[in-house]
Each structure stands twice: as structure tokens, then as C-alpha cells.
Amino acid sequence: MEWNRREFIVKPMVVAGTARMLGRTESLLSKLAVGSGPLLERTLGKTGLKMPVVSMGVMNADIPGLVRRSYELGIRHFDTAAGYQGGRNEEMVGSVIKELGVRDKVIIATKQHLRDRPANPAEARRRFMEGVEASLRRLQMDHVEILYYHGVDEVEDARAEGPLEALQALKKDGKARFIGLSTHRTSMILPEAMRQDMFDVFLVTLNYTMAHDTEMLNAVERAAKSGIGIVAMKTQAGGTVKPDPKLPRELPPASQTALLKWALNHDFVTTAIPGYSTYQHLDQDFSVARNLDYTAEEKAFLADESFVSQAEFCQQCGKCVADCPMHADVPRLMRAQMYAAQYRNAGLARDTMAGIASGRGLEACDGCESCTLTCRNSVNIARKIAQLRAMAGNHAC
Amino acid sequence: MHLWRSGLIIAFIGVLGISGCHYSLAAAQGSDSAEKQVRRLVNDPLPAGVKRDEAAVLYKPDNLYEYIDGGADIYLLYDFQRLLHQNLKSGDGELTVDIYDMGKAENGFGMYAAERSPRYTFIRLGVEGYRGEGTLNFVQGRYYVKLAATGAKAGAGLEPMARMLSRRIGGTAQAPALLAKLPGENRVAHSEQFVRRDPLGHAFLAPAYVVGYAWAGKGESKLVVSVAEDAARAKARLDQFARHFKQSGECAPAADLGENGIRGKNSFEGRVIARTQGRYLIALLNPPEQGAEILKRTAQGLQ
């Protein structure tokens, strides 16, 4: 069965079945990784760089053996950043690649970030370039294949003269074969970045929690169609690594491969950079690299009604609106809450709320003592509205 | 299943609340005492020549990403609690002070050690500290402090500011006690680490202490002490470690190494010798000829 991003929203309840979860056997995971058949490879837009669909996000792993094993299995694209472990991550990647003697066989991506925005573009350019030179020294390389402007989450950063000039100069000097940016605020940043007409690659957050966000998905698709290579990050929705005691239950192992496949089943994505930090998870993630068809367990996970309810994923069906005595525009409020709380995109949350008809936004809820709305998909509407109200009060959106 | 991978639901829950919100210090008034403590560290008076530039910003686990993007992941692994980010003026330049409150001294050391390299230029400050070009980082108690200077003469403010912060943090400046029990001979200075999650790429070994040893002209080894709740669980960890090597290479019992000794190797981690000592699993990666003796001495130290 083929699933695409739009069907994912609709099908979870259709594909019923017992969510028999994969066991946690190490042997099974080992078999998964080695697998059989050719690795699925894709080309990164107009860069022409060809790579397996699964790459390594090295950020969480200060473990040389894990990089060696990743290379051994067939991974060729390694993604690091100046900011990971204060540069030690780059040092580790560089020393392993040198030790393996495979510099000409791998694609190295690193990222440079300017934490404080220097007002003077020349100063920003200088700092950016110095940062990249330091990265190259740590990597023990004279160039990287991909150099990203790291964490561009504000439009003013996407337009920032200094870093953009630095990126172009570094490309011209051969210190970066291709240049790109990474962002968590795709819908907002990609159109602006495309206007700059200088980027070769975008590194974007893409996971199934965004399945309904057609604006974001269309923005990525447009970029890909224009020849920009798309690398997906946070594909397993690892927006946080902090264990939460409120978790009702742990996710099954099949969830991780299901989520990775979901991202990679978008043809416009060239590769994903899961940030595994154990051999077990490397095996698990790399098992996806030969076959993107969902297994029965993965389908069951994606269709798991209890999971969907735990995730409290508003499907924008709008059936709750008729039940609200104040006629609040609940779907838009849910979207605004998601943008503010989940995507941490206060601007988009504000814009969404601004688009709500007068009297049907949070002010409608203010006139109601207790929300009694019941969601068909188990979204706790009252709690989310309370969160949205709190965030708006804190000027977080 | 390892919790890191449980991120999907966590992504929904963990970011709820007031993520995306910067807290000015003024707004933090009346919040918990830990926030007040970290705020006091950068109160006036400041060292001569250093002036406050703007209000401090407090980041929490929910919004640390806004400041350091993906670099936040590892801080969260070490139970990051809050970050006080303060911009200052020093000379004609800028001085940035970042004070990461990691909740516990062990986590502060772990996070600091994850970012430092034995090759850095170390200074006597707190538990340990080092200077780089325009930077000075140190760890003391639960705080991991990072200072950065940019612009003309701003670097001159680094050390006075760092020493002032160290005095204000106070307390005893000691590395985690277990590290002192490990062999000192041939130890690579400033290589000690406390690894909270996935030491050496194995979730089941966590938490663990890792120390480097160098053998003149014969490479380096990593000594790993994995701390389990009791001897039975340490043995279970060792069994899992042995299974991993059997599946990925080879592994055999080695009675000469002591309690539950094993020898293993594979193509990507190299050779390893390991044993247990009570609640500890002790492993030596890339062991030298005298590896067995090092394991024995480590075990004795941990008795």
C-alpha cells in the first residue's frame, strides 16, 4: 500500500489492525541493517551529489566507531556543525574520515551560525568566514561539500548581507562546493531564501507531525522543483531529547522506521540525517535505506488510534465548531497553538490568529467558563486553547 | 526502548507550555530560587571595564533551540535546566556570558567535558577551565560557564569576569569522585568525561565515566566505567556488551581478566577487554599489552 503525506491524515483510522509491535531484539536490528538489495540513492538537486537516502546526523554522537560503522554500512553523507559540542563534533568527524582515508568518497556538510547579529555586515561577514575557517581546521579538510547557514529562523537572517556574502565568497574560493541554509521555519524562510537565488541546498525539519501543513510541504516541493536539494532533519520528530515523565507509553521500534520512511516517501527529499547515537539505532535507521515500503508493523503504528490520540493531532475536520456555543474558530486556534507550541513559530501563530474572524478567536473562549467541546480525534481542545491563551499572554505568540 | 527515540510524543508534549518565549530578567522576578541564584551571578558590581549592555535573557529546555539550535540536544541529554545569557560591553568590544545551569554538578561536568578537548589551553579555574581565541569556558558545581569576547580589547575582560563568576558560584570545585579512583599513570590530562547517555554508542552502558590513556608511540585507549545499580545488573550489561561483539565481530570469555572477563573485537570499534567489579562494568577499548593490569588496577580502585 502506498501512502503519501495527504493520505496519512486520512488513513490512520482506516487501516485498522492490531498494533503488534516489533520486539526489541538486537539480532533483528542487526539483520535489518545489513539487509539485501541495492541502497536507495537520490541526487541532491542540481548539485549532482548522489547519496543514499539515509545519512548520518552526527550531532549526538561523539563516537568514532559509530562514524566508522556508518561508513562501513554505506552511509556517505555526514552532517555536523560548528556548534555541535563546541566544535568537537567536527574534530571527531574529521579525524575518522582522515583515518579511514575516504575523503573523496564522502559528502561532508557543516553549518555556521552567528549567535548575535552584528549590525555591521562587514563584521558579520568576517565572523562568519572566520567561523568556517575554524571548522575546516577542525575537520582537517580544505573544503566541505555543503556549507549551511545554520538555524535561519527569521526572515531578517535569510536576508542578512554579511553571512550571505560570506557564503558566496566561500563557495567562490572553493571552501564550500555548495551552500545552503537550515531552518525550522520552512514556510516562512524558504520563499525568502529562494528569492536570494544563491542557495543549492535546504536543510529542513520534516516529520509526520507536519503532515497536514500543506503550506510547508508545498514550499519544500517548490524549492525542490527549482533544483534546490532538500535534506530532511528531525524526521523522527526529535524536537526534544528530554524524556518526559508524562509520556503515556514508549513508542514501539517500528515507529522510528515508520517515521523515517514517511519523510523519505516524499520524493522531493534527497536524504534524511537521523541523529542516532547508538549502533542499535544506526541499524534501525539504516534498515530503511533499501526499502521505503511500510511493513505491517509500521502501518499499524501509523494507524494506531491511541497513538494519534496521544499525539493530539488536530486534523482540521472542523466538526467541533458546531458544538461550540461561542462559535469559536477552533480549527484555526488549534493551528495557531500548534505553530506556537510545537513549531515554536510565534509569528505564524500570530498570523493565523489574525486571520480568524472577529469574535471567533481567543476572545470567544474568554467568554466561556469551561470548554465542553469533544474532539472526534481526542484532541484536548480546552487544554490547547488554555496553552494558546497563556502563550499569547506571555507574548510568545 | 531508549528514551531518545521516544521523541515523537515527547515532541508534542515537551514543547507545550511557553516554548518560544524569552524571559527578561524582570519577568523572572518571583520565579523559583534557582533562577534567582543564576541571576545573582551577573549582578553588579562587575569587573572594572565591563558594563552591562542589555537585559539578560533566560532560556529553558523548551526554547534552548532558539539560541543554539541543534546544539541544544546534548544539553538536554545532560538535564539542562536553564541558561542565563548576558551581553556585556568590555573595552570597545562585546563580552557574552552564558551560564548553563545543569542542575547537578555531575551533569555540569559531563556537559563541559563533552565540549572540551585535551588539546585545549587549560587554566586553573573552578573544577576545570580553558581558554581559546576569544573564549573562556569553565565548570564549577552545577554551572557550566561559557564566555566569549569579540572586538578590540574585549578579551581582556574574559578572565576577570570568569574569576568573579567563579567566586560567586563558590562551593567546592571537584570533579566527580569516581574519576579519582581510576589509574593515574598514563592518563591523558583533561580527557575525563561523564557520559550520561549512550557511552561508546551503547545505551545499555549508561551512565559511564570515560578516561583516555596514552601509550608512548602505541596509540591511545579509552577506559570506560559503566555504573549499574548492582552487581547483577552490571553482569547483565557485560553480557549485552559481549553479545554485541559476538554479533558484530568476535568475543570470548577471558578468565585472566578477572570477574566475568571477556575479550572482543569488531571492525569499527576495534579490540576491547572488559570485566565487572561489583556494580561496575569496566571496559578498555584499544587496550595496550598491559591492558589486563589496567583493568585489575581499576577494579581494585573501585572496590
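Residues numbered from 1 in each chain as written. Chains lettered and ligands numbered in written order. Predicted model: local features only at pLDDT ≥ 70, side-chain atom pairs only at ≥ 80, totals over all residues.

K.L.:
What's the story with the overall build of chain A in this structure? I'm lost.
P.N.:
A count of helical and extended segments in chain A gives 17 helices and 10 strands. Out of the 397 residues in chain A, the part that is buried amounts to 55%. Residue pairs in contact within chain A that sit at least 24 positions apart in sequence constitute 76% of those at least 6 positions apart. (Helix = DSSP H or I, 4+ residues; strand = E, 2+ residues; numbered from the N terminus. Buried ≥ 20, exposed ≤ 12 C-beta atoms within 10 Å, placed from the backbone. Contact = placed C-beta atoms within 7 Å.)

K.L.:
So what exactly am I meant to see when it comes to the overall build of chain B here?
P.N.:
Helix and strand counts for chain B stand at nine helices and 16 strands. By residue count, 51% of the 303 residues in chain B fall in the buried class. Here the contacts in chain B between residues at least 6 apart in sequence split such that 57% fall between residues at least 24 apart.

K.L.:
Would you take a moment to explain the sheet that holds strand β10 (residues 271-272) of chain A for this structure?
P.N.:
Sheet strands line up and pair through hydrogen bonds in the backbone, either parallel or antiparallel. Residue and element names in this part refer to chain A. Pairing within the open sheet is parallel, and its eight strands lie in the order β3-β4-β5-β6-β7-β8-β9-β10. Strands at the two margins of the open sheet, each flanked by one partner only, are β3 (56-57) and β10. Where strand β7 (residues 176-183) and strand β8 (residues 201-205) come together, four bridges link them in parallel fashion. By the bridge assignment for β8, glycine 180 is matched with valine 201. (Pairing = 2+ DSSP bridges.)

K.L.:
Got a minute to help me understand the domain arrangement of chain B in this structure?
P.N.:
It is common to give the size of an interface as the accessible area that goes away when the parts come together. Here chain B is described as being made up of domain 1 (3-169) and domain 2 (177-302). Residue contributions to the side of domain 1 of chain B that touches domain 2 of chain B peak at six residues, all from helix α6 (residues 105-115) of chain B. (Domains from an automatic or database assignment.)

K.L.:
Teacher, can you tell me more about the confidence of the model for chain B here?
P.N.:
Low-pLDDT stretches of the model should not have their predicted coordinates read in fine detail. All names here are of chain B. Model confidence for chain B is summarised by a mean pLDDT of 86, while 89% of its residues fall at 70 or above. Counted against residues more than four places away or in other chains, residues 1-31, with its pLDDT under 50, gives 91 contacts. Confidence metrics for the complex model read pTM 0.76 and ipTM 0.76. (pLDDT = per-residue confidence, 0-100.)

K.L.:
Please explain the nonpolar core as it appears in this structure.
P.N.:
Where a protein is soluble and globular, its nonpolar side chains tend to be buried together. Grouped together as the largest cluster of nonpolar side chains are 171 residues, with contacts concentrated most on Phe202 of chain A together with Leu147 and Leu281 of chain B. The element best represented in this core is helix α10 (residues 253-264) of chain A, accounting for seven residues. Every residue in contact with leucine 147 of chain B, bar those within four places of it in the chain, is listed here: Leu95, Thr96, Val97, Thr135, Leu136, Leu158, Met161 and Ala162 of chain B. By size, the runner-up hydrophobic cluster in this structure holds 19 residues, among which are Met353, Ala364, Cys375 and Met391 of chain A. (Core = buried A, V, L, I, M, F, W, Y, C linked by C-beta atoms within 7 Å.)

K.L.:
Would you mind showing me how to read the pairing of strand β11 (residues 208-214) of chain B here?
P.N.:
Residues in a regular strand project their side chains so that they alternate between the two faces of the sheet. All names here are of chain B. In this sheet, β11 lies alongside strand β10 (residues 193-195) in antiparallel orientation, the contact comprising three bridges. Residue pairing for β11: valine 195 is matched across the bridge by alanine 208. As defined by bridge partners, β11 adjoins strand β12 (residues 220-227) across seven bridges and the pair is classed as antiparallel. Looking across to β12, one finds that tyrosine 213 is bridged to serine 221. In this antiparallel pair of consecutive strands, β11 and β12, the connection spans five residues, and glycine 217 shows a positive phi of 70 degrees.

K.L.:
What exactly am I supposed to notice about the environment of aspartate 285 of chain A here?
P.N.:
Residues and elements named next belong to chain A. Among the secondary structure elements, aspartate 285 is positioned in helix α11 (residues 279-286). Given 28 C-beta atoms within 10 Å, aspartate 285 falls into the buried group. It is 9.3 Å that separates the C-alpha atoms of aspartate 285 and serine 55, two residues lying 230 residues apart in sequence.

K.L.:
Would you take a moment to explain the sheet that holds β11 of chain B for this structure?
P.N.:
Residue and element names in this part refer to chain B. Across the sheet, which stays open at both edges, the seven strands sit in the order β10-β11-β12-β16-β15-β14-β13 with antiparallel pairing between neighbours. Across the chains shown, the open sheet's two edge strands, defined by having one partner strand only, are β10 and β13 (249-253). Taking each pair of neighbouring strands and ignoring which way they run, the sheet shows an average axis angle of 20 degrees. (Axes fitted to C-alpha atoms, helices over the stretch in contact; angles between N-to-C directions.)

K.L.:
Mind showing me how you'd approach unusual backbone geometry here?
P.N.:
Among all residues except glycine, the phi angle is most often negative; among peptide bonds, the trans geometry is most common. All names here are of chain B. Across the junction of aspartate 44 and proline 45, the peptide omega takes the value 0 degrees, indicating a cis bond. Among the secondary structure elements, proline 45 is positioned in the loop between α3 (33-40) and β2 (50-52). For the bond running from alanine 206 to proline 207, omega is -5 degrees, close enough to zero to count as cis. Structurally, the position occupied by proline 207 is in the loop between β10 and β11.

K.L.:
What is the right way to look at the packing of helix α4 (residues 88-100) of chain A against helix α5 (residues 121-139) of chain A in this model?
P.N.:
Geometry of a packed helix pair, given as the angle between the helix axes and the separation of the axes. All names here are of chain A. Following both chains from N to C, one finds α4 and α5 inclined at 45 degrees, their axes separated by 7 Å at the closest point. Between α4 and α5, the angle falls in the class oblique. Here α4 contributes Glu90, Glu91, Val93 and Gly94 to the contact with α5, which in turn contributes Ser135, Arg138 and Leu139. Grouping the amino acids of the contact of α4 with α5 by side-chain chemistry returns two nonpolar, two polar and three charged. (Parallel < 35°, antiparallel > 145°, perpendicular 65-115°, else oblique. Nonpolar A, V, L, I, M, F, W, Y, C, P; charged D, E, K, R; others polar.)

K.L.:
What's the story with α6 of chain B in this structure? I'm lost.
P.N.:
The α-helix winds at 3.6 residues per turn, so residues separated by three or four positions along the chain end up facing the same way. The buried fraction of α6 of chain B is high, at 11 of 11 residues. Burial in α6 of chain B covers these residues: Ala105, Glu106, Asn107, Gly108, Phe109, Gly110, Met111, Tyr112, Ala113, Ala114 and Glu115 of chain B. Buried residues belonging to α6 of chain B abut α4 of chain A together with α5 (72-77), β5 (93-101), β8 (135-140), β9 (143-150) and β10 of chain B.

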